[in-house]
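Chain residues, written in single-letter form:
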Amino acid sequence: MLIKNIGWIFLLLIFCIPLLWLNVNYSHDWGDDFASYLHQAKNICEGKPQSDIGYIYNPRFAFMGPPAYTVGFPLLLAPVYAISGLNIHTYLIFMSTLLILFLVVMFLLLNTKMKSLYAFLFCLMIAYNPSTLMIKGEIMCDICFSFFLLLLFILYEQWKKKSVLAYPVLLALLNGWLLSLKASGVVFSLALLIMLMVLFIRQRSTLFKQNIWRNNLIITFGGLTIYFLLNEILFPIPHSGVSFYMSIAKAENYLDTMLSNLNYYVMLFNSFFTPEMEQWNAIAKITSAVMLSLAFTGFLLRVRKTERAAFLRSKSPEYF
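Notes on the structure in this doc start here. (Residues numbered from 1 in each chain as written. Predicted model: local features only at pLDDT ≥ 70, side-chain atom pairs only at ≥ 80, totals over all residues. Heavy atoms only, no water.)

As a further point, take the pattern of salt bridges. Applying the stated rule across the entire model yields four salt bridges. A salt bridge links Lys42 to Glu46; its shortest N-O distance comes to 3.2 Å. Within this pair, Lys42 and its partner Glu46 are both found in helix α2 (residues 33-46), separated by four residues, close to a single helical turn. Close ionic contact of Asp142 with Lys182 constitutes a salt bridge, the shortest N to O distance being 4.0 Å. Linking Asp142 in helix α7 (residues 142-159) with Lys182 in the loop between α8 (166-181) and α9 (186-202), this pair joins segments that are 40 residues apart in sequence. Asp142 sits in the partly exposed class, given a relative accessible area of 35%. Via salt bridges that share partners, Lys42, Glu46 and Lys48 belong to a single interconnected network. (Salt bridge = Lys/Arg side-chain N within 4 Å of Asp/Glu carboxyl O. Helix = DSSP H or I, 4+ residues; strand = E, 2+ residues; numbered from the N terminus. Buried < 20%, exposed > 50% of the residue type's maximum accessible area, 1.4 Å probe, protein only.)

On to helix α3 (residues 72-84). At Ala78, α3 shows its largest kink, close to 30°, and the proline Pro79 lies no more than four residues downstream. Of all the positions in α3, only Gly72, Phe73, Pro74, Leu75, Leu77, Ala78, Val80 and Tyr81 are classed as buried. Two residues or fewer after α3 comes Gly85, characterised by a positive phi angle close to 65°. (Bend = angle between axes of the 7 residues up to and from the residue.)

Okay, unusual backbone geometry next. Even without being glycine, Asn23 reaches a positive phi, approximately 55°. Positionally, Asn23 belongs in the loop between α1 (6-15) and α2. Classification of Asn23 by relative accessible area gives partly exposed; the value is 31%.

Encoded structure:
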């Protein structure tokens, strides 16, 4: 896949060069998440506990943040700290580099669903969106998480049928790293387990099924093992990761939490396609509504197409 699209990737890299200095400053806005990441990276280099960041955790206000974040992103920042200390400019160049890598992986993924030109233009639209430029101007985990999530998707689609044991082991390592970046990475493991449940219900008895069962189990439980090794043994973190966010969810009504999150995600989606246009702001709001409608419609059509393809395969003689 990479060799086939090398020309488009090279062109994308050229167009992404300005990202290395757009919104790359020598200072950072006031916040707390980025400070925790940097302090944890400093602790890794100095061999100190991850929670030794000066943050006084109050369980009654857990939504303010955990005592320490999962160690994936601080581990990536640790070499930068070892080289440049707390030079914010260097970290923002690092964030820009992560964004460029994310755009390359996004292009590879989109190119499996659409023409190369369309995938290229879509990546540029994402790259130079004001919201993207704002996000990459902060030392946050979101871009890094998105890069590893898409990379995991691509490699899984290529290797899910492979009988060679090395492939699911490598995917397990990536899955464990994804979990160590953000607790929300657990959705990938849950998706794999749901896939196994579907296969079990459909009662497939082919070599394809056997490879899928073995590989999915290795990726899921191997990823959890890597997560435990990083966050509980090598770099112990108190009350963080999945358990921390589950404790927040339990503190309120589940339905209220789900509705609140849904409202927040829709608001973020709309804001991404709604730049400030002063008296022309109506155009931006129409654009965001259209994009949300197209995304939801496309999701439904994709589900319908996938289910129809699975039904047709189940009726073929070689299916059994």
